[in-house]
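A structural walkthrough
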Amino acid sequence: NRINNCLKGIWLDWMTQGTRISGNLIYDTYLEDFFVEVNHGPFTVDNNLFLSKSVGLLDGSSGGAYLHNIIVGKIVIVQQNRETPFHLPHTTAVLGKAITHNADNRFYNNIFSSVDRATNLQMPNHWWVDRGSYGLGIYKGYFPLYIQGNAYFMEAEPYPEKGPFLHLPNFDPELEIEEKGAEVYLHVNVHPALLEIDTEPIHTRMLGRVKTSDMWFENADGTPLEINKDYFGKKRALEAPMTGPFSNLKPGKTKIKVWPK
C-alpha cells in the first residue's frame, strides 16, 4: 500500500495478534510511520519502507518481529501500565490479560539510518526530537530481545547483537524519495559491506514463540511463516538473504522505482 501525505502511517492498536504488515511504502508523515500499542504478539512487520523524517516506529507493544525493513526515523518507546487481552491462536477468544513491556521483539535484517536535527525542527510537529533514538539503542535494558543481521548508518545506534551486523556511522546511504507524477522513486547509496552481512533466512522456527501468548509467528492459515520474498515479491537467497527490503542491490548510487510496484 502507498500511504502518502497523511497524519498517521499504520496503527496496530489492540488485539492484533497474528497481523502481518508487509511491503508498504510510507513517507512524508510528520508524526509516526508505524505505531503499535498494547499488543502482545505475535505480529510481523516485514519488507516495509518507513522513510519519513520523524518517527519510524512508535512502540507501545511486545512480541513483534521486524524483518527486512528500512527505518529512517526515530524509534520511540511508549510504556504501558494497563492490562490488555491476548488470544488463542487465530481467533479472538481471550486467553488472558497482561501488561506489555516493550520487549520480546525480534529485529532481523533491517536497515536503520537517521535524519539531521535541523530537518526535524522544520517539521510542523517535532515532539520526538529529544526522545527515542535512531536505530535500536533505545532498547538497551529491555529483555528479552532478539537482534541480528541489521545495518546501522549515520546516527543509528546499534544494539549489542550476538550475530553479524554492520555499523557505519560515517556513511550516508542518501535515502531520498523522488515523486514523478504517480510514480515514486527511492534514491540510495549502497555500501558494499551491506551486501556482505552473514544473515540467516527467517522463518517460524527461527523466530520462536512469543513470551506472553506462547504463540508461533505463522501465516493467517496457521502454516509456517517464511520471509523468502522481498518488497517486490522477488525470491530471496536461500542462504544469507540481503539485509533490507530489496534482494538484488548492487554497490553504489542507484534509483529504485518503489511505486507502483
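In what follows, the structure referred to is the one given above.
Residues numbered from 1 in each chain as written. Predicted model: local features only at pLDDT ≥ 70, side-chain atom pairs only at ≥ 80, totals over all residues. Heavy atoms only, no water.

1. So, the overall build of the chain
For the chain, the count of helices and strands is two helices and 21 strands. The C-alpha radius of gyration computed for the chain amounts to 17 Å, which stays within 12% of the reference 18 Å derived for 261 residues, consistent with globular compactness. By principal-axis analysis of the C-alpha atoms, the chain measures approximately 50 × 45 × 35 Å. Counting across all 261 residues of the chain, residues that qualify as buried make up 54%. Here the contacts in the chain between residues at least 6 apart in sequence split such that 59% fall between residues at least 24 apart. Carbon and sulfur atoms make up 51% of the accessible area of the chain, which amounts to about 11600 Å² in all. Each charge class in the chain was averaged separately, 25 positive and 29 negative side chains, and the resulting centres sit 2 Å apart. (Helix = DSSP H or I, 4+ residues; strand = E, 2+ residues; numbered from the N terminus. Rg over C-alpha atoms; globule rule 2.2 N^0.38 Å. Buried < 20%, exposed > 50% of the residue type's maximum accessible area, 1.4 Å probe, protein only. Contact = heavy atoms within 4.5 Å. Areas by Shrake-Rupley, 256 points an atom, 1.4 Å probe, with all protein chains shown as cover. Lys, Arg positive; Asp, Glu negative; His and termini not counted. Charge placed at Lys NZ, Arg CZ, Asp CG, Glu CD.)

2. Some thoughts on the sheet that holds strand β3 (residues 20–22)
Reading across the sheet, the five strands line up as β3-β6-β9-β14-β16 and stay open at both edges, with parallel pairing between neighbours. Across the chains shown, the open sheet's two edge strands, defined by having one partner strand only, are β3 and β16 (145–148). Going across the sheet, the axis of each strand differs from the next one's by a mean of 5°, ignoring polarity. (Pairing = 2+ DSSP bridges. Axes fitted to C-alpha atoms, helices over the stretch in contact; angles between N-to-C directions.)

3. Thoughts on the sheet that holds strand β19 (residues 176–180)
Strand order in the open sheet formed by three strands is β19-β20-β21, and the pairing between neighbours is antiparallel. Bordering the open sheet on either side are β19 and β21 (252–259), each of which pairs with just one other strand. Geometrically, the sheet is characterised by an average inter-axis angle of 25° between neighbouring strands, direction not taken into account. Bridge count for strand β20 (residues 183–190) against β21 is seven bridges, and the pairing is antiparallel.

4. Quick word on the nonpolar core
By size, the foremost hydrophobic cluster in this structure holds 49 residues, and its most contacted members are Ile70, Leu136, Tyr139, Leu194, Phe246 and Val258. At four residues, the largest contribution of residues to this core is made by β20. Here Val258 is in contact with Leu25, Leu49, Val184, Tyr185, Leu186, Tyr231, Phe232 and Phe246, once residues within four sequence places are set aside. The next biggest cluster of nonpolar side chains, apart from the first, holds eleven residues, and it includes Ala65, Val210, Phe217 and Ile227. (Core = buried A, V, L, I, M, F, W, Y, C linked by side-chain atoms within 4.5 Å.)

5. Looking at unusual backbone geometry
The omega angle of the peptide bond from Phe143 to Pro144 is 0°, so this bond is cis rather than trans. Inspection of the secondary structure assignment puts Pro144 in the loop between α1 (117–121) and β16. Cis geometry marks the peptide bond from Trp259 to Pro260, where omega comes out at -15°. Within the secondary structure, Pro260 is located in the segment after β21.

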